[in-house]
Amino acid sequence: MVKHILLSLIVALTLSCSRYDHVIIVKNNNSNAVIVIPGDASEHLRSSADILTDYIQKSTGAELPVVTSSSEKDINSIYLFEGEDADTFDPDIGNMDGDGFIIAVPDRNTVVIAGPTSWGTEYGVYEFLERYVGVRWLMPG
């Protein structure tokens, strides 16, 4: 029942940002984006991509594919970066604490979740899921 209510409320899952109206990653319960990780991604970063895919699917019914490159300009993409790969996106990320992260929307088709370490990127994934997908992390009792 909760899933049906959530799905009826979320016709299009969007990420609001200041420069662009939104990036649509799920529309009408169908995937409208891919998750992009580096080809040499660590096991921890691959796990973060799996967590992102799993919870978006649980929340919307849509499964976002995980790919190692996205050459299509018109496809919406969620990029996960860590360490030196993250530095190429934002040079100041190297000055963050290891648990730090950024969630950025550099253009109308791209979301970037990046941290100086794999832990930072994982925490960024959890924040993205909580803030933009509506996932809540509850403890029993």
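These lines cover the structure that appears in this document, whether it is placed above or below. This is a predicted model, so every value here is computed, not measured. (Residues numbered from 1 in each chain as written. Predicted model: local features only at pLDDT ≥ 70, side-chain atom pairs only at ≥ 80, totals over all residues. Heavy atoms only, no water.)

## Comments concerning the sheet that holds strand β7 (residues 102-107)
Put simply, the test is: Here, strands pair whenever DSSP counts at least two bridges between them. Strands are runs of DSSP state E lasting at least 2 residues, helices are runs of H or I lasting at least 4, and numbering of each runs from the N terminus. Contact definition: two residues touch when any of their heavy atoms are within 4.5 Å. The axes used here are C-alpha line fits, helices contributing only the stretch in contact, and every angle between their N-to-C directions lies in the interval 0 to 180 degrees.
On the basis of which strands lie adjacent, the open sheet formed by 5 strands has the order β5-β4-β6-β8-β7 and mixed pairing. What marks the edges here is a single partner per strand, and that holds for β5 (66-67) and β7. By the bridge criterion, 4 bridges tie β7 to strand β8 (residues 110-115) in an arrangement that is antiparallel. Pairing of Ala-104 across the sheet is with Val-112, part of β8. Lying on the sheet, helix α2 (residues 43-60) is in contact with β4 (33-36), β5 and β6 (76-82); it crosses β6 at an angle near 145°. Against the sheet, helix α4 (residues 118-133) contacts β6, β7 and β8, and its axis sits at roughly 135° relative to β8.

## Description of the packing of aromatic side chains
The relative placement of two aromatic rings is captured by the distance of their centres and the angle of their planes. Put simply, the rule is: Only Phe, Tyr and Trp rings take part, Trp by its six-membered ring, and two of them pair if their centres are within 6.5 Å. Stacked means planes under 30 degrees apart, edge-to-face means over 60, and tilted covers everything else. Criterion for a charge above a ring: Arg CZ or Lys NZ at most 6 Å from the ring centre, at most 35 degrees from the ring normal.
Using the criterion set out here, one finds 5 aromatic pairs in the structure. The rings of Tyr-55, Tyr-126 and Trp-137 are connected pair by pair, giving a single aromatic cluster. In this structure, Lys-58 is placed above the aromatic ring of Tyr-55, and the distance from its NZ or CZ to the ring centre is 4.7 Å.

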